[in-house]
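Examining the three-dimensional arrangement
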Amino acid sequence: MLTYTPYMLMPLLSGVVCAALAVYAGYYWRVPAARRLCLLMVVMSAWAFDFALNLSFTDIGPKVFLTQIGTVCAQLVGLAMIALSLDLTGNGGWLKPRRLAALFVMPVAVAVLSFTSGRHDLFMHAFSIGGDASISVLLWESGPLFTFHYLYLLCAIVVASGLYVSALVRASSRERARYILLVSVTALPIAVDLLSLTPVKGLRMLHSTFWIVGIAYTIAIARYNLIDLVPVARRTL
């Protein structure tokens, strides 16, 4: 059963903003940084829309299925963040096919573990419905392998942020603002999640920050020429 909850509005906004930026970046698909920004915005938009739809369901079955999709989206967001940060810091050549294939091992493993959760307790199990009168949220117990899923996402964000910080240290005073913005926008969603900033137990708010991420990248494109940043970064580094 579908129902309305005001908590779905921010994830929906996030999905729209990220989708709009994905379309814009996709227009410059031949530029490597634009291509990878487009892919990042596509998976962030999909994750946000998935979570908004998740919140609108009251039945446990659809919620479990959408949560399983969300775990895969989270992995792809981490991978896309690494790919984008490599391009924007002049290290895009590092991502060779073999290395990309190695980075895909965890997302594939998470997809298998997530969609087979009903057959084991290794990833997510003991699903139940929580929340309050205004919202229905899915609760679950984390299995021993769920930690690796979350650590992969954390490591991806640390790597991306580290690359931006490295570029920031070497950048000229005129270029530092763009890297400060990139570090901030990369860390924002996971910081909100780690700090458990939520009005309802079990409701994760990181998806509600994606619209800020999209707007920040838009500012970086308009003000700091982000899509054409790679040649500048290579000269800087």
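So, here's what we can say about the structure. (Residues numbered from 1 in each chain as written. Predicted model: local features only at pLDDT ≥ 70, side-chain atom pairs only at ≥ 80, totals over all residues. Heavy atoms only, no water.)

1. Overview of the overall build of the protein
Heads up, the condition is: Helix and strand labels come from DSSP, where a helix needs a run of H or I of at least four residues and a strand needs a run of E of at least two; each type is numbered from the N terminus. Only C-alpha atoms enter the radius of gyration; for comparison, a globular chain is expected to reach 2.2 Å times N to the power 0.38, where N is the number of residues. Buried residues are those whose accessible area, probed at 1.4 Å on protein chains only, stays under 20% of the maximum for their type, while exposed residues exceed 50% and partly exposed ones sit between those limits. Whether two residues are in contact is decided by their heavy atoms, any of which lying within 4.5 Å being enough. Note on areas: Shrake-Rupley, 1.4 Å probe, and residue coverage restricted to the protein chains presented here.
A tally of helices and strands in the protein yields 9 helices and 2 strands. Its helices and strands taken in sequence order, the protein reads α-α-α-α-α-β-β-α-α-α-α from the N to the C terminus. A compact globule built from 237 residues should have a C-alpha radius of gyration of about 18 Å, and the protein, at 18 Å, falls within 12% of that. Oriented by its inertia axes, the alpha-carbon framework of the protein measures out at about 55 × 35 × 30 Å. Counting across all 237 residues of the protein, residues that qualify as buried make up 48%. Within the protein, counting contacts between residues at least 6 apart in sequence, those at least 24 apart form 69% of the total. Summed over all atoms, the accessible surface of the protein reaches about 11,400 Å², with 69% contributed by carbon and sulfur.

2. With respect to the pairing of strand S1 (residues 124–132)
The criterion, for reference: Strand pairing is assigned whenever DSSP identifies at least 2 bridges connecting the two strands.
Two elements, S1 and strand S2 (residues 135–142), share 7 bridges in a ladder whose sense is antiparallel. The residue of S2 that forms the bridge with Ile-129 is Leu-138. The turn linking S1 back onto S2 is made up of 2 residues.

3. Observations regarding the nonpolar core
Threshold: Side-chain atoms within 4.5 Å are what join buried Ala, Val, Leu, Ile, Met, Phe, Trp, Tyr and Cys residues into a set we call a nonpolar core.
Within the largest apolar cluster, 42 residues are counted, with the highest numbers of intra-cluster contacts made by Leu-40, Met-41, Met-44, Trp-47 and Tyr-217. Mapped by element, the contributors of at least two residues to this core are helix H1 (9–26), helix H2 (32–56), helix H3 (60–88), helix H6 (146–170), helix H7 (176–194) and helix H8 (210–224). The biggest single contributor to this core is H2, with 10 residues.

4. A closer look at H2
Applied cut-off: Under the convention used throughout, the expected extent of a helix is 1.5 Å for every residue step, that is, one less than its residue count.
Between its first and last C-alpha, H2 extends 37 Å over 25 residues, near the 36 Å set by a 1.5 Å rise per residue. Here H2 lies mainly inside the structure; 18 of its 25 residues are buried.

5. What about the packing of H1 against H8?
The following threshold applies: Geometry is summarised by axes, namely lines fitted to C-alpha atoms with helices restricted to the contacting stretch, and by angles between N-to-C directions that run from 0 to 180 degrees. Any angle between 65 and 115 degrees counts as roughly perpendicular, while under 35 counts as roughly parallel, over 145 as roughly antiparallel, and the rest as oblique. Handedness of each helix crossing follows the sense of rotation of the near helix against the far helix: counterclockwise by less than a right angle gives left-handed, clockwise gives right-handed. Note that Gly is not counted as nonpolar here; it falls among the polar residues with everything else outside the nonpolar set of Ala, Val, Leu, Ile, Met, Phe, Trp, Tyr, Cys and Pro and the charged set of Asp, Glu, Lys and Arg.
In the contact formed by H1 and H8, the axes pass within 7 Å of each other and the chain directions differ by 30 degrees. Taken together, H1 and H8 sit at an angle that is classed as roughly parallel. Where H1 crosses over H8, the two elements pack in a sense that is left-handed. Contacts from Met-10, Leu-13, Ser-14, Val-17, Cys-18, Leu-21 and Tyr-24 of H1 reach H8 at Phe-210, Trp-211, Gly-214, Ile-215, Tyr-217, Thr-218 and Ile-221. Of the residues assigned to the contact of H1 with H8, the class counts are 11 nonpolar, 3 polar and no charged.

6. Let's talk about a nonpolar patch on the surface
Inclusion rule: Like-charged residues are merged into a patch within 9 Å and nonpolar side chains (Val, Leu, Ile, Met, Phe, Trp, Tyr) within 5 Å, provided each residue has over 30% relative accessible area and no salt bridge. Salt bridges are defined by distance alone: a side-chain nitrogen of Lys or Arg within 4 Å of a carboxyl oxygen of Asp or Glu.
Side chains of Tyr-4, Leu-9, Leu-12, Val-16 and Phe-49 sit close together on the surface and give an oily, nonpolar patch of about 460 Å² of accessible area. For the nonpolar patch, the element with the most residues is H1, which contributes 3 residues. Mapped onto the fold, Phe-49 is located in helix H2.

7. Comments concerning the packing of aromatic side chains
Stated formally: For Phe, Tyr and Trp, rings pair up if their centres lie within 6.5 Å, where Trp contributes its six-membered ring, and each pair is then called stacked (planes under 30 degrees apart), edge-to-face (over 60) or tilted (otherwise). Comment: the charge-over-ring label is applied if NZ (Lys) or CZ (Arg) is within 6 Å of the ring centre and within 35 degrees of the ring normal.
Counted under the stated rule, the structure contains 6 aromatic pairs. Ring plane angle 65 degrees and centroid distance 6.1 Å describe the contact between Trp-140 and Phe-146, whose orientation is recorded as edge-to-face. Among the residues examined, Trp-140 registers a relative accessible area of 24% and is labelled partly exposed. Taken together, the aromatic side chains of Tyr-24, Tyr-27 and Tyr-28 make up a single cluster linked through ring pairs. The ring of Trp-29 carries Arg-35 above its face, with NZ or CZ at 5.9 Å from the centroid.

8. Side note on the side chain of Thr-186
With respect to the helices and strands, Thr-186 occurs in helix H7. Looking at Thr-186, the relative accessible area reads 3%, which means it is buried. When residues no more than four places from it in sequence are discounted, the contact partners of Thr-186 are Met-81, Ile-157, Ala-160, Ser-161, Tyr-164 and Tyr-217.

9. Some thoughts on unusual backbone geometry
In the Ramachandran plot, Ala-126 falls in the positive-phi region, its phi being about 55 degrees despite a non-glycine side chain. With respect to the helices and strands, Ala-126 occurs in strand S1. A positive phi angle, near 55 degrees, is found at Ser-196, a position not held by glycine. With respect to the helices, strands and loops of the structure, Ser-196 is situated in the loop between H7 and H8.

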